[in-house]
Amino acid sequence: MTPVIKCVHSFQRSIRDRRASRRQPRGNTPILGTSDPEVDDIGVPIWDGCSKGGVTSKNDKKPGKKASEDYLKSLPSREQCARWQTSLENVLDDPKGAAHFMQFLASEYCSENYEFWKEIKQLKEDNPSGDKLKKKVKNIYDKYIGESASKQINVNGRLKVAIRDAVDEPYLEMFDEAQKFVIQLMRDGPYRRFIDEDNLQKLQRGQG
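The following paragraphs examine the structure supplied in this document.

Basis of the calculations
Residues numbered from 1 in each chain as written. Predicted model: local features only at pLDDT ≥ 70, side-chain atom pairs only at ≥ 80, totals over all residues. Heavy atoms only, no water. Helix = DSSP H or I, 4+ residues; strand = E, 2+ residues; numbered from the N terminus. Expected span 1.5 Å × (residues − 1). Buried < 20%, exposed > 50% of the residue type's maximum accessible area, 1.4 Å probe, protein only. Core = buried A, V, L, I, M, F, W, Y, C linked by side-chain atoms within 4.5 Å. Lys, Arg positive; Asp, Glu negative; His and termini not counted. Salt bridge = Lys/Arg side-chain N within 4 Å of Asp/Glu carboxyl O. Contact = heavy atoms within 4.5 Å. Arc of directions from axis to C-beta.

## Quick look at helix α6 (residues 112–126)
Look at α6: 21 Å from first C-alpha to last across 15 residues, which is about the 21 Å you get at 1.5 Å a residue. Among the residues of α6, those classed as buried are Asn113, Tyr114, Glu115, Phe116, Trp117, Ile120, Lys121 and Leu123. Just beyond α6, the residue with positive phi is Asn127, at close to 50 degrees.

See the structure below:
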């Protein structure tokens, strides 16, 4: 079984488990994404895009448009670029790195995965419930998952169906597997091009 199919099956099982335990206290509610994390060549867990891991709180607040523009005007140092090359987590945890990465994604016409990841991160930080949660989840689904989504993300069809089936009874963890999926897509694709030495040197010279 491939990792993607295994991920989707795990997600669907999690939805069934959650529906079966609706009457349990919140503290006993099953959480999606409970499978063992992937590890690198030396056994260190790879950040999955959902768990906090080593992320600090400095980028927890969503920066406004002006703040992002200010970060783009400030050239990254060699030390910052070196940290960005270490992991995607370090890029997204640094407001300047996140701003430059978003600009890079926009130049490649593939910013929807990052925008989706940010919206899910913000959803969890806002921690809405009831009708507010339903409204936000529906907006995210319509924007990124649904058939007519304006910024449709590239996730497996079965995963889309599983999310669609959870929209009417939403919960904060319902997008976890999709969030992990898009992080892996970015890590395997645009992130590798973003941390290319030539691109980072351009950023340091203000030519990004």
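Structure's up, so let's keep going.
## A closer look at the nonpolar core
Judged by nonpolar contacts, the single largest core of 41 residues is most densely connected at Phe101, Phe116 and Phe175. A total of 6 residues in this core trace back to one element, the largest contributor, which is helix α7 (residues 130–145).

## Considering the side chain of Lys160
Along the chain, Lys160 falls in helix α8 (residues 157–166). The charged side chain of Lys160 is buried without a salt bridge, its nearest counter-charge being Glu147 at 5.6 Å. Residues in contact with Lys160, not counting those within four places in the same chain, are Tyr141, Ile145, Gln152, Ile153 and Val155.

## Some points on helix α11 (residues 197–204)
Every buried residue belonging to α11 is among Asn199, Leu200 and Leu203, and all of these are buried. Angularly, the buried residues of α11 cover 95 degrees about the axis, an arc narrow enough to put them on a single face. Against the buried residues of α11 lie α3 (78–86), α5 (95–107) and α10 (190–194). Note on α11: the residue one or two positions beyond its end, Gly206, has a positive phi of about 80 degrees.

Keep in mind that these numbers describe shape and distance, not what the molecule does.
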